[in-house]
Amino acid sequence: MKFNDIDTENIEIELLLEAIYQKYDYDFRGYSRASIKRRLKRRLSLSGHATLTDMQREVLYDPDFFHVLLQDLSINVTEMFRDPSFYKAVREVVLPLLAEREIIKIWHAGCSSGEEVYSIAILLQELGLYGKSLIYATDFDETILSKAKEGIYPVDLLQAYTRNYRDSGGVGSFADYYSARYELVLMDKALKENIVFSNHNLVTDGVFGEMDLVFCRNVLIYFKRELQDRVFRLFKESLCTGGFLCLGTKETVRISQYTGTFADVVKKEKIYRKN
Amino acid sequence: MTTDKSYEAVVMGVSAGGLHALETVLPQLPADFSLPVMIVQHRTRTSDDFLLRFLDELCLLRIVEAEDKVGVQKGYIYLAPPGYHLQVEMDRSLSLSVDPPVNWSRPSVDVLFETAADVYRDKLVGVVLTGANRDGSAGLARIKQLGGLGVIQDPETAEAPQMPQGAIDVAGGDRILSLVRIGQFLATLKNEGRRRF
Ligand SMILES: C[S@@+](CC[C@H](N)C(=O)[O-])C[C@H]1O[C@@H](n2cnc3c(N)ncnc32)[C@H](O)[C@@H]1O
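Criteria and thresholds
Residues numbered from 1 in each chain as written. Chains lettered and ligands numbered in written order. Predicted model: local features only at pLDDT ≥ 70, side-chain atom pairs only at ≥ 80, totals over all residues. Heavy atoms only, no water. Helix = DSSP H or I, 4+ residues; strand = E, 2+ residues; numbered from the N terminus. Rg over C-alpha atoms; globule rule 2.2 N^0.38 Å. Contact = heavy atoms within 4.5 Å. Areas by Shrake-Rupley, 256 points an atom, 1.4 Å probe, with all protein chains shown as cover. Lys, Arg positive; Asp, Glu negative; His and termini not counted. Charge placed at Lys NZ, Arg CZ, Asp CG, Glu CD. Buried area = accessible area lost by both parts, 1.4 Å probe. Salt bridge = Lys/Arg side-chain N within 4 Å of Asp/Glu carboxyl O. Polar contact = N/O pair within 3.5 Å; in protein donor to acceptor, adjacent residues only side chain to side chain. Nonpolar A, V, L, I, M, F, W, Y, C, P; charged D, E, K, R; others polar. Core = buried A, V, L, I, M, F, W, Y, C linked by side-chain atoms within 4.5 Å. Buried < 20%, exposed > 50% of the residue type's maximum accessible area, 1.4 Å probe, protein only. Domains from an automatic or database assignment. Near = heavy atom within 4 Å. Pairing = 2+ DSSP bridges. Axes fitted to C-alpha atoms, helices over the stretch in contact; angles between N-to-C directions.

*Asks:* Mind showing me how you'd approach the overall build of chain A here?
*Replies:* Regarding its fold elements, chain A presents nine helices and ten strands. The C-alpha radius of gyration computed for chain A amounts to 20 Å, which stays within 12% of the reference 19 Å derived for 275 residues, consistent with globular compactness. Counting only C-alpha atoms and orienting by the principal axes, one finds that chain A spans roughly 60 × 50 × 30 Å. Pairs at least 24 apart in sequence give 75% of the contacts found in chain A among residues at least 6 apart. Split by element, the accessible area of chain A, about 12,200 Å² in all, is 50% carbon and sulfur. Computing the positive centroid from 37 side-chain charges and the negative centroid from 40, chain A places the two 4 Å apart.

See the structure below:
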């Protein structure tokens, strides 16, 4: 009997994702299910509905409720200089190779609340490359994108970020990059000058420019292989020849059909270069 | 102490005192052990691959860090990477996530146990070892609810008793044993595949 419940619930999840796609154009059908299922069941228990089928009705008829669910499904967990050794490699290996370009075009896909974007902006500044950089920071979650634009973060995270910054080879004083006010810090305005924040969905939107460097970290782990392939194709078409692709530490292009398109630059940090 | 039932996978959760626990339990699994083993060991984000290399030296099975979107295979012991939840998908592949911590832990034992329970159902063995928190209790309860087997380290013998005690309180154990006996017991498990008739 219990097994029957699990099977029914799995069907309900498929139907709900299909409903969301048809009604709201957000396509989660290619996402791995284990994480989705945990998010949906958490929302289900908070919602007071008995089953996902009951909840689906509210999703379809109440856009506000859908937006709550969208927040649940876009896992916005992020931090500054996450994986310091990765940022060290970007500082020491990738950016020096781009230093001669007239203009450096960078795309942060799935930028969440912007911590990663400001981290790279700081790197560019310290290497004297910020002035000729153009940074596109995109996410499909409008709410989180407006947070990224603001660049305001809780002060209690700063200690960890400062440590990350130093471990990543930061040469300045991290405190120069923000101003603190009570419980919050505001990122330095100068870091924002060359950043364009915009909405882009990796599943349904296309190429919007030719990039020298693409960051897409900790997004692809949420996708099934077929969807990963779609996104790798998008990156292939968005990168110039010799352009760099940076994935999360536990993500790889090596199980994709586009493995041949990318050469290892720093293998351990999942930094690749388009052939 | 053995069991006649056929099982398809083992999931294991361990926290404080884990190094000693794993080095006692895992080397007892024979080279032809027919169930894949997936492990969440709480450790700091920055931990290197020492634990992996250390255990690989001792074990007859291959012990690897769990990779995203890779199919689960027998002959392997999969260890969750620090900083990521380890999950089992319905097609019996592994996936990783950076979803928020559960029980202040990422990886979390509950996340592994609950996702694996949905997949392996009554063919799953959940093992809770030493630890100083209560991660794993809810997950083991789910495994047992679906007819899987609960194996818990006897808290009296644990370096940190809270985690196994929590599992006993919340889920209850089918076997409550010392580390050596847990290894011996697991070694008797068999996956006989699906019966023909
Ligand atoms: C776990 S966060 C990673 C943030 C950051 N890149 C990092 O590594 O710290 C994943 C982000 O991907 C975004 N995302 C998920 N699916 C997306 C899609 N189809 N298109 C664009 N962004 C997406 C989420 O909204 C979320 O902000």
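*Asks:* I tried to follow the interface of chain B and chain A on my own but got confused; where do I start?
*Replies:* Interfaces are frequently sized by the accessible area removed from exposure as the parts join. Counting from both sides, the interface comprises 28 residues of chain B and, opposite them, 28 residues of chain A. Across the interface of chain B and chain A, roughly 2,300 Å² is buried in total on both sides, 51% from carbon and sulfur atoms. Among the residues chain B hides against chain A, the three largest losses belong to Lys69, Val98 and Arg121 of chain B. Together they make up 26% of the total. Scanning the region where chain B abuts chain A turns up five salt bridges. When the shortest N-O distance is used, the salt bridge between Asp118 of chain B and Lys37 of chain A registers 2.5 Å. Counting every contact that joins chain B to chain A gives 14 residue pairs in polar contact (both at pLDDT 80 or more). Mapped by element, the contributors of at least two residues to the side of chain B that touches chain A are β6 (85-88), β7 (93-97), α3 (109-120) and α4 (137-145) of chain B. For the side of chain B that touches chain A, the leading source of residues is α3 of chain B, giving five residues. Taken together, the residues that form the side of chain B that touches chain A break down as ten nonpolar, five polar and 13 charged.

*Asks:* Which parts of the structure should I look at to understand the nonpolar core?
*Replies:* Buried together is how nonpolar side chains tend to be arranged in soluble globular proteins. In this structure, Phe28 of chain A together with Met38 of chain B are the most contacted members of the largest nonpolar core, which totals 78 residues. Residues from two domains meet in this core; each of domain 1 (5-73) and domain 2 (84-274) of chain A gives at least three. Beyond its immediate stretch of four places on either side in the chain, Phe28 of chain A contacts Leu17, Ile20, Arg33, Ile36, Leu70, Leu73 and Phe140 of chain A. One finds Ala89, Tyr118, Leu145 and Phe244 of chain A within the second-largest nonpolar core, a separate group that totals 42 residues.

*Asks:* Can you walk me through the site of the ligand in this structure?
*Replies:* Near the ligand, the surroundings consist of 22 residues, among which Tyr31, Thr78, Arg82, Asp139 and Asn201 of chain A are the closest. Chains contributing residues near the ligand are chains A and B. Between the ligand and Phe140 of chain A there is a distance of 3.5 Å, counted from a nitrogen atom to a backbone nitrogen or oxygen. Asn218 of chain A places a polar side-chain atom, nitrogen or oxygen, 3.0 Å from an oxygen atom of the ligand.

*Asks:* I keep staring at the sheet that holds strand β6 (residues 195-199) of chain A and nothing clicks. Help me out?
*Replies:* Whenever strands of a sheet pair, they do so through backbone hydrogen bonds, lying parallel or antiparallel. All names here are of chain A. Read from one edge of the open sheet, seven strands run β6-β2-β1-β7-β8-β10-β9, paired in mixed fashion. With partners counted over all chains shown, the strands left at the sheet margins are β6 and β9 (262-266), one partner each. Strand-to-strand twist across the sheet, computed as the mean angle between neighbouring axes with direction ignored, equals 20°. Pairing of strand β8 (residues 239-247) with strand β10 (residues 271-274) involves three bridges; the strand directions are antiparallel. When the bridges of β10 are listed, Cys246 appears paired with Ile271. The strands touched by helix α7 (residues 142-150) within the sheet are β2 (133-139) and β6, with β6 carrying the most contacts at an inclination of about 170°.

*Asks:* Explain the domain arrangement of chain A to me, please; I cannot follow it from the model alone.
*Replies:* Residue and element names in this part refer to chain A. When cut into domains, chain A gives domain 1 (5-73) and domain 2 (84-274). Here the C-alpha centre of domain 2 lies 30 Å away from the C-alpha centre of domain 1. Listed per partner, the contact involves ten residues of domain 1 and eleven residues of domain 2. Here domain 1 and domain 2 share an interface that buries about 990 Å² over both sides, 54% of which is from carbon and sulfur atoms. On the surface where domain 1 and domain 2 come into contact, there are zero salt bridges. Run the count over domain 1 and domain 2 and you get four residue pairs in polar contact (both at pLDDT 80 or more).

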